[in-house]
Amino acid sequence: MSSEKTYTGSCLCGSIKFELKNVSESRMTCYCIDCRKGSGHLGQILAMYMKDDISITDEDSNMREWIVSSTQSGYPKRKLFCSKCGCTIATIPMKYNGQKLIVRTSLLDSDFEKFVPKKRIFEPVKADFVGCAEGTF
Ligand SMILES: [Zn+2]
Ligand SMILES: [Zn+2]
């Protein structure tokens, strides 16, 4: 018996959809400058998945990629986004050879509350006015 569950999400215009297998244990809020600029917000809420545990459907071939080459890890990051609505879907850090994808959990259609971030990363570059009380993100 399998307790596997799938969760769906999409970009803003809905032309790119994705399906996640189970709730990843690797969930975070990232405050790095790339996430800040890429999202237009204070940071991004994310979850890391092995590439086999996420499937992306892009029926109208709207997905494009932007390669972030100057990264802290020294490895480029492939940022996947929708060319129709501009929404970022996921990032592929080449540090893991393309085996892992970091998906934006803010794009989930439902069950959003199951994806509470477990840690904050790049907190030192977070703006001082962004308050993070204990237990919140
Ligand atoms: Zn879109
Ligand atoms: Zn980031």
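Description of the structure in this document. (Residues numbered from 1 in each chain as written. Chains lettered and ligands numbered in written order. Predicted model: local features only at pLDDT ≥ 70, side-chain atom pairs only at ≥ 80, totals over all residues. Heavy atoms only, no water.)

Here's the deal with the overall build of the protein
Link 1 in the chain: Check the secondary structure of the protein and you find one helix and 10 strands.
Link 2 in the chain: N-terminal to C-terminal, the α/β element order of the protein is β-β-β-α-β-β-β-β-β-β-β.
Link 3 in the chain: Relative to a compact globule of 137 residues, whose C-alpha radius of gyration would be 14 Å, the protein shows 15 Å and is just as compact.
Link 4 in the chain: On the principal axes, the C-alpha backbone points of the protein span a range of 40 × 35 × 30 Å.
Link 5 in the chain: Taking all 137 residues of the protein together, 36% fall into the buried category. (Helix = DSSP H or I, 4+ residues; strand = E, 2+ residues; numbered from the N terminus. Rg over C-alpha atoms; globule rule 2.2 N^0.38 Å. Buried < 20%, exposed > 50% of the residue type's maximum accessible area, 1.4 Å probe, protein only.)

Details of the pairing of strand β9 (residues 100–104)
Link 1 in the chain: Among the five residues in β9, four count as buried, and that is most of the element.
Link 2 in the chain: Here strand β8 (residues 88–93) runs beside β9; their pairing, made up of two bridges, is antiparallel. Its bridge partner lying in β9, A90 is registered against V103. (Pairing = 2+ DSSP bridges.)

Some details on unusual backbone geometry
Link 1 in the chain: If you check the backbone angles, S61 has positive phi at about 50° while not being a glycine.
Link 2 in the chain: Relative to the elements of secondary structure, S61 occurs in the loop between β5 (54–58) and β6 (63–68).
Link 3 in the chain: We note that N97 has phi near 60°; this positive angle belongs to a residue other than glycine.
Link 4 in the chain: With respect to the element layout, N97 can be found in the loop between β8 and β9.

Things to note about the coordination of the zinc ion (ligand 2)
Link 1 in the chain: Of the protein atoms, only C30 (SG), C32 (SG) and C35 (SG) coordinate the zinc ion (ligand 2), at distances of 2.2 to 2.3 Å.
Link 2 in the chain: A relative accessible area of 3% means that C30 is categorised as buried. (Donors = N, O, S within 2.8 Å, 3.2 Å for Na, K, Ca; no water.)

A closer look at the packing of aromatic side chains
The geometry of an aromatic ring pair is captured by the separation of the ring centres together with the interplanar angle, meaning the angle of the planes.
Link 1 in the chain: Applying the stated criterion to the full structure yields one aromatic pair.
Link 2 in the chain: For the pair Y7 and F115, a centre-to-centre distance of 5.2 Å together with 85° between the ring planes defines the contact as edge-to-face. With Y7 in strand β1 (residues 6–10) and F115 in the loop between β9 and β10 (119–121), the pair connects residues that are 108 residues apart, well separated along the chain.
Link 3 in the chain: The exposure class assigned to Y7 is buried, which follows from its relative accessible area of 6%.
Link 4 in the chain: Of the residues examined, F115 reaches a relative accessible area of 2% and is grouped as buried.
Link 5 in the chain: The positively charged end of K100 is found above the aromatic ring belonging to Y96, 4.5 Å away from the centroid. (Phe/Tyr/Trp six-rings, centres within 6.5 Å; stacked < 30°, edge-to-face > 60°. Lys NZ or Arg CZ within 6 Å of the ring centre and 35° of its normal.)

Such coordinate-based values are descriptive only and should not be taken to indicate function.
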